[in-house]
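# Examination of the molecular architecture
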Amino acid sequence: MSVVAVPGSKSVTARALFLAAAAEGTTTLRRPLLSDDTDGFAEGLTKLGYAVEREPDRWRIEGRPAGPAVGQADVYCRDAATAARFLPALAAAGHGTYRFDASAQMRRRPVAPLTDALRRLGVDLRHEEAEGHLPLTVTARGIKGGDLELDASLSSQFLTAMLLVAPLTAEGLRIRVTGLVSAPYVEITLAMMRSFGVEVLREGDTLTVPPGGYRATDYDIEPDASTASYFFAAAALTGASATVPGLGADALQGDLRFVDILRRMGAEVETGADATTVTGTGRLSGVTVNMRDISDTMPTLAAIAPFADGPVRIEDVYNTRVKECDRLDACAENLRRQGIRVETGRDWIEIHPGTPVATEITCHGDHRIAMSFAVAGLRTPGVTFDDPGCVKKTFPEFHEAFAAQRRAWGV
């Protein structure tokens, strides 16, 4: 058995930073992820006037329930969708003028469901260039609250942003949700809001959030389940064993369900109270899976799919087309260049068995494409990447950590 140290969850760290900033008192976050995305989020809070003190394994944030401490700020969100979608909502609850911009990659990604929702609640905001995209300026005078209908079919992050800001509104929010994707990420949000003192009432597709704000707390960040998927997939692919401590039966992150797919394909999986272990059996079976709720792990499965003994069909993942890149097309493109037969549709991809040839993987600046095809490279010597450094978004030390793990496995 090989124990794998996986860094903290990006999704949990971003939510925890928002909650800490919004809470009354000083919050300590333990073992947060330090990556380009979370660094950018923390820097954004600092630009908005929040006090953020960072040590290697412990960050302290002094909360301000009234909103940003400064009346004007220009925030650069880098490539981080969480920063670009969460921070404007946080700023809108305050009083001042706040401009948000991001990288060219993030400018291409939509924020319209969030900004439409804020406008319907009376928030004054303006898209400077393309409607529904950054750059964006928010002229904040607080948020009254009330009833809201929100389309979450492109990303659950829009719903999360509105849930997180709801306790800072004067009246609270009653949100009716349509088209939700990646539902487990909303479960993360609700559980974390509970840890900071806010209970959300759920009735069917409607979520009711009371006003009143959050309480500061000490909060442990669990390991990133999406990142763990690369090590679990590598074990299944090579016949090795990988144990990730901190991701057990009570883990917040739905992406841990990726191991259920590996089990269906033939790997042995053991999920205990405090850890999960995947052991490869030397066999991977073809499978048809709906990955709507765990779509961030779609590239992981796509990259190892050629090594299965039958076709692997992944369905209901349209939202992967509006991530850092069009991940459906990026996976298909790279697999075809490796000599693998692939078919795609609007929201699905089907990959046939084959022996991938070594080639340079086109990453499209997307960390998940790079890390996924690094896993598949365990069985295809000579694979290279046009942009290996793009992993800095969530796991700057990925290539070094993966190489060390490969040596430990002897593969």
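Use the structure listed above.
Everything quoted here is computed from the prediction, not taken from an experiment. (Residues numbered from 1 in each chain as written. Predicted model: local features only at pLDDT ≥ 70, side-chain atom pairs only at ≥ 80, totals over all residues. Heavy atoms only, no water.)

### As for the packing of aromatic side chains
Cut-off, in case you're wondering: Centre distance within 6.5 Å is the pairing criterion for rings of Phe, Tyr and Trp, where only the six-membered ring of Trp is used; planes under 30 degrees apart are then read as stacked, over 60 as edge-to-face, and the remainder as tilted. Starting at the N terminus, helices and strands are each numbered in turn, a helix being any DSSP run of H or I of at least four residues and a strand any DSSP run of E of at least two. Categorising residues by exposure relies on relative accessible area from a 1.4 Å probe, with only protein chains included: less than 20% of the type maximum marks a residue as buried, more than 50% marks it as exposed, and the intermediate range marks it as partly exposed. The criterion for a charge sitting over a ring is simple: Lys NZ or Arg CZ within 6 Å of the ring centre, and within 35 degrees of the ring normal.
Counting across every chain of the model gives seven aromatic pairs. A centroid spacing of 6.4 Å and a plane angle of 75° characterise the contact between Phe41 and Phe86, whose relative ring orientation is edge-to-face. Placement of Phe41 in helix H2 (residues 36-47) and of Phe86 in helix H3 (residues 81-92) is noted, with a sequence separation of 45 residues between them. No difference in accessibility class separates Phe41 from Phe86, as the two residues are buried. Put simply, the rings of Tyr230, Phe231, Phe395, Phe398 and Phe402 touch in pairs and so form one group of aromatic residues. Of note, Arg313 hangs over the ring of Trp348, and the distance from its end group to the ring centre comes to 4.2 Å. Above the plane of the ring of Tyr318 lies Arg346, whose end atom (NZ or CZ) is 4.1 Å from the centre.

### Examining the pattern of salt bridges
What counts is decided by this rule: Each reported salt bridge corresponds to a side-chain nitrogen of Lys or Arg within 4 Å of a carboxyl oxygen of Asp or Glu.
The final tally for this structure, using the stated rule, is 35 salt bridges. With a closest N to O distance of 3.5 Å, Arg176 and Asp205 form a salt bridge. Here Arg176 is found in strand S11 (residues 173-178), whereas its partner Asp205 is found in the loop between strand S12 (201-203) and strand S13 (206-209), with 29 residues between them in sequence. Taking the relative accessible area as the measure of exposure, Arg176 reaches 36% and is therefore partly exposed. One salt bridge in this structure joins Glu199 and Arg194, with 3.2 Å as the shortest N-O distance. Look at Arg194 and you get partly exposed, because its relative accessible area is 44%. Within the structure, one salt-bridge network assembled from shared partners comprises Lys10, Asp37, Arg109, Asp296, Lys323, Glu324, Arg327, Asp366 and Lys393.

### Section: the packing of H2 against H3
Rules: Axis lines are fitted through C-alpha atoms, for helices just across the contact stretch, and the angle between N-to-C directions can take any value from 0 to 180 degrees. Roughly parallel here means an angle under 35 degrees, roughly antiparallel means over 145, roughly perpendicular means 65 to 115, and every remaining angle is called oblique. By the definition used in this description, the sense in which the near helix is turned from the far one sets the handedness, with an anticlockwise turn below a right angle giving left-handed and a clockwise turn giving right-handed. Any two residues whose heavy atoms approach within 4.5 Å at even a single point are treated as in contact.
At a minimum axis distance of 10 Å, the contact between H2 and H3 shows a crossing angle of 25°. Classified by the angle their axes make, H2 and H3 are roughly parallel. The chirality of how H2 crosses H3 is right-handed. From H2, Phe41, Gly44 and Leu45 reach across to H3, where they touch Thr82, Ala83, Phe86, Leu87 and Leu90.

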